[in-house]
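In case you want the letters, here they are:
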Amino acid sequence: MNQLTVRGFDDELAERIQRLAKRDGTSLNRAALKLLRKGAGLADPGQGPDTVGSALDHLIGTWSEDEAAELDAVLEEFEVIDEAAWR
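Not measured: the values here are computed from a predicted model.

Enquirer: Pulling in residues and values, what's your account of the overall build of the chain?
Expert: Check the secondary structure of the chain and you find three helices and zero strands. In the chain, the succession of helices and strands from N to C terminus is α-α-α. For the chain, the accessible surface area stands at approximately 8400 Å², while carbon and sulfur atoms represent 54% of it.

Shown next as C-alpha cells:
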C-alpha cells in the first residue's frame, strides 16, 4: 500500500475529517481516504453496485417521535392496495 504525507490542512478541513471519522467510527486516516476517493470521483471500495450509499446517514436519529409519527401517518396511504388497478 502506498503512503503519502499531506501538509497544509486548514482548520475547517481537519475538523471535517475528524467529524467524518467520529460519525463513521473509524480512524482519521480512513476518513481522509474516503474524502480523497470521493473528491477523485472514485467509488468507496466497501460499496458494491447494489449499495445505496450513505448520503442520508446524517439524518439518522434526528427526527422526533412526533415527526416520525406524522410521516408514518402520511405514508399509510401508500399501504392501501387499489384492487381495481390490478384487474
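Enquirer: Please set out the nonpolar core residue by residue, giving values where relevant.
Expert: If you look at the biggest cluster of nonpolar residues, it comprises five residues: Ile-17, Leu-20, Ala-21, Ala-31 and Ala-32. The set of elements that each furnish at least two residues to this core consists of helix H1 (11-24) and helix H2 (28-39). Element by element, the count of residues in this core is highest for H1, at three residues. Other than its neighbours up to four places away in sequence, Ile-17 contacts Phe-9, Leu-28, Ala-31, Ala-32 and Leu-35.

Enquirer: I'd like a rundown of the pattern of salt bridges, residues and numbers included.
Expert: One pass over the full model with this rule turns up three salt bridges. Here Asp-24 and Arg-23 are joined by a salt bridge, their closest N and O atoms 3.1 Å apart. With relative accessibility at 33%, the residue Asp-24 sits in the partly exposed group. Among the residues examined, Arg-23 registers a relative accessible area of 42% and is labelled partly exposed. Of the charged contacts, one joins Asp-24 and Lys-34 as a salt bridge, the two residues approaching to 2.9 Å between their closest N and O atoms. Separated by 10 residues along the polypeptide, Asp-24 in helix H1 and Lys-34 in helix H2 bring together distant segments of the chain.

Calculation notes
- Residues numbered from 1 in each chain as written.
- Predicted model: local features only at pLDDT ≥ 70, side-chain atom pairs only at ≥ 80, totals over all residues.
- Heavy atoms only, no water.
- Helix = DSSP H or I, 4+ residues; strand = E, 2+ residues; numbered from the N terminus.
- Areas by Shrake-Rupley, 256 points an atom, 1.4 Å probe, with all protein chains shown as cover.
- Core = buried A, V, L, I, M, F, W, Y, C linked by side-chain atoms within 4.5 Å.
- Buried < 20%, exposed > 50% of the residue type's maximum accessible area, 1.4 Å probe, protein only.
- Contact = heavy atoms within 4.5 Å.
- Salt bridge = Lys/Arg side-chain N within 4 Å of Asp/Glu carboxyl O.

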